[in-house]
Amino acid sequence: MKDQTTTTSDIAGIMLKATNLSHRVDLADDTLTILQGVNLEIKRAESVAIVGRSGSGKTTLLGLLAGLDTPSEGSVELDGATISSLSEDDRARLRAQRVGFVFQSFQLLPALSAIENVMLPLELGGHENPEAKAKDLLVRVGLGERLHHTPRQLSGGEQQRVAIARAFAADPIVLFADEPTGNLDNHTGQAISDLLMALNREQGTTLVMVTHDEHLAARCKRQLHIEAGELSEPATQNAPQAESIA
Amino acid sequence: MGAAKKLSSVRRDWRERDVRVVLAALIVAVATVATIALFASQLQSTLISSASSFLAADRKLEAENGIPVPPEWREEAERRGLKTAEMIEFSTMVFGNDNFQLVAAKAVNDDYPLKGEVEYQLGEDAPRQVSARGPDRGNVWINPRLLRLLDVEIGGSLEIGNKALTVSGLLIREPDGGFSMAALAPRVMMHSDDVAATNVVQQGSRVEYSYLYAGEESDLNAFYRWLEPRLEPSHEWESIRDGEALSQSLLKAERFLLLGGSLAVLLAAVAVAVASRQYAMNQRDTVALLKTLGLSSHGIGQLYIGRLALWGLVGIVGGLLIALPIVWMLNSLVADLLERPVDFRLDILALTPALMTAVVSLFAFAYPPIRRLRNVPAMRVLRSQPGESGREAWLDIGIAVVAVFGLVWLYAREVSLVLALLGGLAALLGILMVLGWLMVIGLRRVSGGGNAWRLALVALYRHRRASLSQIAVFSMTLMLACTLVLVRSSLLDDWQAQLPEDTPNHFLINIAPDAVDDVEDFLQTRSLPLDTLYPMVRGRLTELNDQPVKETVSKDERVGALNRELNLTWMDQLPADNRVVDGEWFEEGQRSGVSVEAELAEKLGLKLGDKLGFTIGSDKVSAEITSIRTVQWDSMKPNFYMAFPPGGALDAMPATWITSFHLPAEQKSELNEFSRKFPTISVLEVDHIIERIRSIVQQVTQAIEAILVLILAAALVVMAAVVSATLQDRQREGALLRTLGGRQSLLVRSTMVEFALLGFFAGVLGVAAAEAAVWALQYRMFEGEFRWHWNVVLSIPLISAVLLSVFGRLQLRPVLEVSPMLLLRRLE
Ligand SMILES: Nc1ncnc2c1ncn2[C@@H]1O[C@H](COP(=O)(O)OP(=O)(O)OP(=O)(O)O)[C@@H](O)[C@H]1O
Ligand SMILES: [Mg+2]
């Protein structure tokens with residue numbers, strides 16, 4: 001482990017902490033180890049990219065960090081709460097309040113319109129005026145004119161913008177993204193990353209992102225490499241590039 | 001409307017295809033079951049009132065001893081809320097213009113009939129009219145033949161005893177026109193208040209007092225319990241269902257309707273199960289997302305339970321909206337047929353099974369897969385999770401089986417029905433397992449190639465789990481539909497056979513031995529085919545094994561047959577529709593012995609070898625029972641309780657002859673000539689009764705047809721549900737095949753072959769299981785004989801193969817019409 005983790009002494013500044021995390025699944029005749037002894041700390045408002053080859057365990061790690069799944073061994077702390085030992089419903093409540101998601105395949109509910117998709121987490125979190133806030137967010141991602149269109153009527157890039165608006169709707173303190181530009185062309189992908197980074201900075205959100213997109217990874221403050229279920233952090237790449245909305 | 005709320009709105013749900021299928025299945029189920037239940041209850045009350053009108057009441061008490069019953073009996077009946085009416089029947093001479101004739105008089109009071117109507121005419125060419133009561137005081141309605149026999153006219157008068165009465169109408173049909181051998185002479189109907197003035201009825205003269213009762217079943221039964229200890233041997237209590245020609249048919253119709261309803265319940269359950277399972281599978285992504293967004297599993301549970309409740313509501317309301325107009329239409333059909341209005345009443349109780357069907361099929365079939373949605377891992381939003389094949393837990397299946405058969409039982413209250421269906425289904429599943437095994441073995445080695453058949457076989461093998469479950473559902477559906485079709489046709493055949501077109505509709509009774517040849521000549525010259533002539537001797541059964549019969553037969557088993565004269569006959573050939581159930585029919589040249597009708601034998605406890613003693617006039621005749629035979633009482637042919645061999649003990653007794661023949665309506669006028677030529681021969685006209693039975697049978701037939709159509713519609717919905725459940729996968733596969741360069745024609749052909757094979761297997765299985773179920777039902781419920789239905793056995797597999805391959809072809813349409821790229825995107 002290198003400087004980043006060791007220099008952190010302020011516990012309150014740590015947003016996400018994984019300790020000795022392992023994940024195994026039982027297959028028909030033997031056990032497959034997907035993650036092995038992963039340790040990691042991510043500070044508040046930090047942006048971290050997890051990169052690695054396909055099948056190396058990125059998605060699995062992201063799922064564990066976000067509390068979507070529970071590890072076979074080790075623990076995950078999110079904003080001071082040990083989510084790996086919470087019940088599924090408690091984790092759900094925690095997610096509703098503090099976590100946002102962006103997925104590679106957008107994951108919008110096809111039967112709901114754009115604005116309804118964005119309102120969903122607001123309603124689940126018991127927000128005062130979900131409609132106004134959702135509308136505001138959609139305007140900010142440039143979809144003010146498409147509020148009542150359903151996902152099928154939107155392009156991939158537009159759908160992802162709806163998903164980003166949804167991710168930020170409940171004012172999360174951590175945002176998880178799994179290959180947010182993976183399904184988009186270069187140009188659109190660029191626009192989406194710009195949007196993501198800009199909103200992230202504005203809101204002061206902690207961002208944890210899995211990506212194959214080197215440019216996008218480079219825009220994050222830290223890059224973590226994962227290979228065959230083991231995590232490493234290159235010391236070199238430390239200077240964040242300039243971030244701006246194009 | 002909030003987004004979360006909107007997630008459970010029906011309008012939104014309706015946009016989802018699986019929900020549409022679940023809702024359609026529910027709606028059709030509720031509609032079918034409600035239609036059947038409502039219509040059956042309506043039909044039942046209509047039929048019972050039709051059948052009641054065979055008695056002109058619900059119950060009838062006959063005093064055959066010529067003594068009126070105490071007036072308190074009537075008061076008691078009325079006190080219990082029953083309606084009553086009285087009638088007096090006697091034979092008497094009537095005098096017209098210089099002519100006289102023996103008639104069967106029937107005097108009725110103002111309340112007669114309690115059920116049904118009297119049909120009469122004001123002149124021979126006047127239109128027929130119906131009346132809810134008999135003739136007024138001072139008037140008579142007479143059999144049209146009497147006009148000629150007595151040479152009177154409408155408006156003229158005739159005399160009965162000391163009283164002159166005005167002929168005010170021609171009697172066409174009495175509601176209680178069942179025929180008894182006592183009423184041989186032409187009918188004269190009069191008012192009971194006029195009887196005393198005629199002076200022809202005195203204590204002890206041959207007269208029969210009858211009392212009619214109508215009301216609630218429970219009141220009638222309570223009254224009978226009160227009455228029973230007061231009855232004397234000469235009193236006979238009759239209810240509609242006792243041995244009426246029609247009651248057997250009615251019972252079968254009722255059972256058929258129940259069977260239809262039960263099958264509708266089963267079909268609905270299958271459709272709901274299939275569609276909601278598919279729905280649950282497709283909802284997994286949504287659930288994972290909602291969980292990711294922070295909805296607890298409790299919240300998920302609530303969301304979907306709320307949705308189920310909503311569906312139930314939509315299913316019930318929608319189903320009723322369909323059922324009510326159909327029932328209304330069926331009712332007007334029945335009304336047309338009966339030529340009288342049928343009051344439409346909504347029997348709320350009859351709706352219970354429909355509501356239960358909706359609720360139970362939702363909770364036993366839709367709920368389990370949907371409940372399991374709570375367990376969908378949130379992780380699914382990131383990567384699809386293994387171990388989610390959606391295989392049902394065995395517990396769920398157990399619950400489902402118990403639920404559905406509980407439902408059928410609740411509905412039909414017929415254990416044998418439940419067992420027959422359950423047995424059929426079990427047989428089906430057994431064969432299915434064998435088939436699956438054969439499929440795995442047989443198809444494993446087929447490998448793909450550019451040939452539609454090979455591709456189809458490969459596809460069947462690759463999707464063997466799905467293929468087998470599809471075959472299971474298709475064959476179950478086919479089994480249920482076939483069962484109904486088969487039972488229906490054998491039921492209709494049965495009825496058809498019972499009353500063929502040329503059913504004898506007139507009896508000639510009291511033919512003197514020396515007139516037999518003349519009668520035969522008369523009828524032959526008019527090309528009226530005559531049924532066999534039977535000799536008839538009237539006598540009482542007085543001794544059993546040398547003991548007076550009244551002592552030997554206990555009071556309980558007292559039967560009318562002991563109180564009145566029986567018709568005895570002799571014959572050498574067993575009539576075609578009789579069957580010897582015990583002993584042997586007379587041998588050639590046999591002179592001794594007697595053959596007894598089976599029901600009577602059972603009632604009196606008679607066995608082979610018992611010695612019966614008859615009193616005929618002042619003579620005694622005795623014979624040993626040599627055979628017991630069943631008789632087709634509803635065949636409208638002369639039937640006898642006791643048959644002797646020719647040349648036996650009966651030969652020496654004074655006999656007359658009896659026969660029956662079919663007289664077409666347009667030759668009806670020949671009867672007048674016949675009566676003039678043979679004034680001493682009684683003609684018993686039963687053509688109106690037969691007409692009536694026919695119309696009722698026809699009415700039931702119509703109902704059965706209508707219900708069959710509904711059930712078949714339900715079956716189609718099930719099929720569509722199953723096919724569309726696989727739609728998405730198939731389209732994706734098709735699109736991929738095309739993307740990978742598969743030729744369209746190959747794709748089409750292999751899909752059609754695959755579905756045709758599915759359909760064929762399902763057809764074979766379904767028909768086999770249906771035959772098994774029909775065999776059991778026929779045996780236990782309908783008491784018919786089982787026959788193989790080759791036309792069905794052979795045609796159903798072919799029909800279902802064609803039908804399914806067309807279904808498959810239709811499914812492919814979207815795959816063929818758009819570019820594969822677009823399709824893959826749309827199916828994302
Ligand atoms: N539940 C599971 N059962 C079996 N194998 C699993 C399961 N979850 C993950 N794996 C395996 O673990 C490995 C890591 O999977 P993961 O989805 O985390 O990879 P990834 O790094 O996200 O890959 P990609 O970049 O292709 O998305 C893969 O080999 C995958 O097949
Ligand atoms: Mg991944």
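Basis of the calculations
Residues numbered from 1 in each chain as written. Chains lettered and ligands numbered in written order. Predicted model: local features only at pLDDT ≥ 70, side-chain atom pairs only at ≥ 80, totals over all residues. Heavy atoms only, no water. Helix = DSSP H or I, 4+ residues; strand = E, 2+ residues; numbered from the N terminus. Buried < 20%, exposed > 50% of the residue type's maximum accessible area, 1.4 Å probe, protein only. Contact = heavy atoms within 4.5 Å. Areas by Shrake-Rupley, 256 points an atom, 1.4 Å probe, with all protein chains shown as cover. Phe/Tyr/Trp six-rings, centres within 6.5 Å; stacked < 30°, edge-to-face > 60°. Lys NZ or Arg CZ within 6 Å of the ring centre and 35° of its normal. Core = buried A, V, L, I, M, F, W, Y, C linked by side-chain atoms within 4.5 Å. Domains from an automatic or database assignment. Buried area = accessible area lost by both parts, 1.4 Å probe. Salt bridge = Lys/Arg side-chain N within 4 Å of Asp/Glu carboxyl O. Polar contact = N/O pair within 3.5 Å; in protein donor to acceptor, adjacent residues only side chain to side chain. Nonpolar A, V, L, I, M, F, W, Y, C, P; charged D, E, K, R; others polar. Axes fitted to C-alpha atoms, helices over the stretch in contact; angles between N-to-C directions. Parallel < 35°, antiparallel > 145°, perpendicular 65-115°, else oblique. Pairing = 2+ DSSP bridges. Patch = residues over 30% accessible without salt bridge, like charges linked within 9 Å, V, L, I, M, F, W, Y side chains within 5 Å. Lys, Arg positive; Asp, Glu negative; His and termini not counted. Charge placed at Lys NZ, Arg CZ, Asp CG, Glu CD. Near = heavy atom within 4 Å. Expected span 1.5 Å × (residues − 1). pLDDT = per-residue confidence, 0-100.

K.L.:
Describe the overall build of chain A, and please don't skip the residues or the numbers.
P.N.:
Counting its secondary structure elements, chain A contains 8 helices and 10 strands. Each of the 246 residues in chain A was classed as buried or not, and the buried ones make up 52%. A fraction of 70% describes how many contacts in chain A between residues 6 or more apart in sequence connect residues 24 or more apart. Carbon and sulfur atoms provide 46% of the accessible area of chain A, an area that totals close to 10,800 Å².

K.L.:
So what's going on with the packing of aromatic side chains? Residues and values would help.
P.N.:
For any two aromatic rings, the description comes down to two numbers: the centre-to-centre distance and the angle of the planes. Across all of its chains, the model carries 20 aromatic pairs over all chains by this definition. Taking the centre distance of 5.9 Å and the plane angle of 25 degrees together, the rings of A:F101 and A:F176 count as stacked. Separated by 75 residues along the polypeptide, A:F101 in strand β6 (residues 99–103) and A:F176 in strand β7 (residues 174–178) bring together distant segments of the chain. You can call A:F101 buried: its relative accessible area is 4%. Site record: aromatic cluster; members linked through ring pairs are B:Y213, B:F223, B:Y224, B:W226 and B:W237. When the ring centre of B:W226 is taken as origin, the NZ or CZ atom of B:R230, which lies over that ring, is 3.8 Å away. The ring of B:F522 has B:R526 sitting right over it, with the charged end atom 3.8 Å from the ring centre.

K.L.:
Break down the nonpolar core for me, citing the residues and quoting the values.
P.N.:
In summary, soluble globular proteins display a tendency toward joint burial of nonpolar side chains. Ranked by internal contacts, the top residues of the largest apolar core, which has 154 residues, are A:L61, A:L65, A:F176, A:V208, B:W311 and B:M479. In terms of residues, this core owes the most to one element, helix α8 (residues 247–292) of chain B, which gives 20 residues. Residues lining this core come from more than one domain, with at least three contributed by each of domain 1 (1–53 + 247–413) and domain 3 (432–501 + 686–828) of chain B. Counting 38 residues, the second largest nonpolar core, distinct from the first, contains B:I142, B:Y209, B:L220 and B:W226.

K.L.:
So what about the interface of chain A and chain B? Which residues, and what values?
P.N.:
Put simply, an interface is often sized by how much accessible area is lost when its parts join up. The interface is formed by 28 residues belonging to chain A together with 28 residues belonging to chain B. Summed over both partners, the interface of chain A with chain B comes to about 2,500 Å²; 63% of that surface belongs to carbon and sulfur atoms. In this structure, the connection of chain A to chain B is made through 1 salt bridge. The partner of A:E88 in a salt bridge is B:K291, and the shortest N-O contact between them spans 3.0 Å. Connecting chain A to chain B are 5 residue pairs in polar contact (both at pLDDT 80 or more). Within the residue set of the side of chain A that touches chain B, elements represented by two or more residues are α2 (58–65), α3 (88–98), β6 and α4 (114–124) of chain A. The class makeup of the residues in the side of chain A that touches chain B is 14 nonpolar, 4 polar and 10 charged.

K.L.:
Could you give an account of the packing of helix α6 (residues 156–169) of chain A against helix α7 (residues 186–203) of chain A, with specific residues and numbers?
P.N.:
All names here are of chain A. Contact geometry of α6 with α7 gives a least axis separation of 10 Å together with a crossing angle of 10 degrees. In terms of axis orientation, α6 runs roughly parallel to α7. Only T188, I192, L195, L196, L199, N200 and Q203 of α7 make contact with α6, whose side of the interface consists of G157, Q160, R161, I164 and F168. Tallied by class, residues from the contact of α6 with α7 come to 6 nonpolar, 5 polar and 1 charged.

K.L.:
Describe the environment of B:I625, and please don't skip the residues or the numbers.
P.N.:
All names here are of chain B. Its place among the elements puts I625 in strand β19 (residues 619–630). Residue class for I625 comes out buried when judged on its relative accessible area of 3%. Between the alpha carbons of I625 and K611 there is a distance of 6.4 Å; along the sequence they are 14 residues apart. What I625 contacts, discounting residues up to four positions off in sequence, is V594, V596, L606, K607, L608, G609, D610 and L612.

K.L.:
Run through the pairing of strand β5 (residues 128–131) of chain B, naming residues and quoting values.
P.N.:
All names here are of chain B. As judged from the 4 bridges shared by strand β4 (residues 118–121) and β5, these two strands associate in the antiparallel manner. Across the sheet, the residue bridging to V118 is S131, located in β5. Counting the residues in the hairpin turn of β4 and β5 gives 6 residues.

K.L.:
Can you break down a negative patch on the surface residue by residue, with the values?
P.N.:
On the surface, a cluster of negative charge is contributed by B:D514, B:D517, B:D518 and B:D521. By secondary structure assignment, the location of B:D521 is in helix α15 (residues 516–525).

K.L.:
Can you explain the sheet that holds strand β9 (residues 222–227) of chain A? Please cite residues and give values.
P.N.:
Hydrogen bonds between backbone atoms are what pair the strands of a sheet, whose relative direction is either parallel or antiparallel. Residues and elements named next belong to chain A. The mixed open sheet is built from 6 strands, whose spatial order is β6-β7-β8-β3-β9-β10. Lying at the two open borders of the sheet, with one neighbouring strand each, are β6 and β10 (230–232). Ignoring which end each strand starts from, the neighbouring axes of this sheet average 20 degrees apart. Here β9 runs beside β10; their pairing, made up of 3 bridges, is antiparallel.

K.L.:
Residue-level account of the side chain of A:T205, with values.
P.N.:
Looking at the element boundaries, A:T205 is found in the loop between α7 and β8 (206–210). Residues within four places of A:T205 in sequence aside, it is in contact with A:A45, A:E46, A:F168, A:P172, A:I173, A:V174, A:L175 and A:N200.

K.L.:
I'd like to hear about the site of ligand 1, residue by residue, with values.
P.N.:
All names here are of chain A. The full set close to ligand 1 counts 16 residues, and S54, G55, K58, T59 and T60 are the nearest of them. In the environment of ligand 1, an oxygen atom lies 3.3 Å from a nitrogen or oxygen atom belonging to the backbone of S56. Burial of ligand 1 by the surrounding chains reaches 73%, relative to a free accessible area of 630 Å². When residues of the shell around ligand 1 are traced back to their parent elements, those giving at least two are β2 (31–43) and α2. Top element by residues in the shell around ligand 1 is α2. It accounts for 3 residues.

K.L.:
Summarise the sheet that holds β2(A); cite the residues concerned and give the values.
P.N.:
Residue and element names in this part refer to chain A. Strand order in the open sheet formed by 4 strands is β2-β1-β4-β5, with antiparallel pairing between adjacent strands. Edge positions in the open sheet fall to β2 and β5 (81–82), since each of these has one partner strand only. Here strand β1 (residues 14–26) pairs with strand β4 (residues 73–78) via 5 bridges, running antiparallel. Considered in β4, the bridge of A18 is made with V76.

K.L.:
Let's hear about a positive patch on the surface: which residues, and what values?
P.N.:
A cluster of basic residues, B:R444, B:R445, B:R464 and B:R465, forms a positive patch on the protein surface. Inspection of the secondary structure puts B:R445 in the loop between α12 (415–443) and α13 (452–462).

K.L.:
Provide a residue-level description of the side chain of B:T92, including the pertinent values.
P.N.:
Residues and elements named next belong to chain B. Looking at the secondary structure, you find T92 in strand β2 (residues 83–95). Look at T92 and you get buried, because its relative accessible area is 8%. Here T92 is in contact with Q101, L102, V103, A105, I160 and V200, once residues within four sequence places are set aside.

K.L.:
Go over the environment of A:V139, please, and point to the residues and values.
P.N.:
Relative to the helices and strands, A:V139 is located in helix α5 (residues 130–140). Linking A:V139 and A:A165, residues 26 residues apart in sequence, is a C-alpha distance of 9.2 Å.

K.L.:
An account of α7(A) is requested, with residue identities and associated values reported.
P.N.:
Every α-helix winds through 3.6 residues per turn, so residues three or four apart in the chain are directed the same way. A rise of 1.5 Å per residue sets the reference length of α7(A), with its 18 residues, at 26 Å; its end C-alpha atoms lie 26 Å apart and thus fit the reference within 8%. The opening residue of α7(A), the one whose side-chain oxygen lies 2.9 Å from the backbone nitrogen of A:H187, is A:D185.

K.L.:
Before we move on, could you go through the confidence of the model for chain B and cite the residues and values that matter?
P.N.:
Residue and element names in this part refer to chain B. Averaged over all residues, the pLDDT of chain B is 78; the fraction at 70 or higher stands at 81%. Element-level pLDDT for chain B is lowest in helix α24 (residues 820–826), with a mean of 54, against a maximum mean of 93 in strand β6 (residues 139–142). Under a pLDDT of 50 for its full length, residues 179–183 has, in the predicted model, 11 contacts with residues more than four places off or in other chains. Note on the complex model: pTM 0.66, ipTM 0.81.

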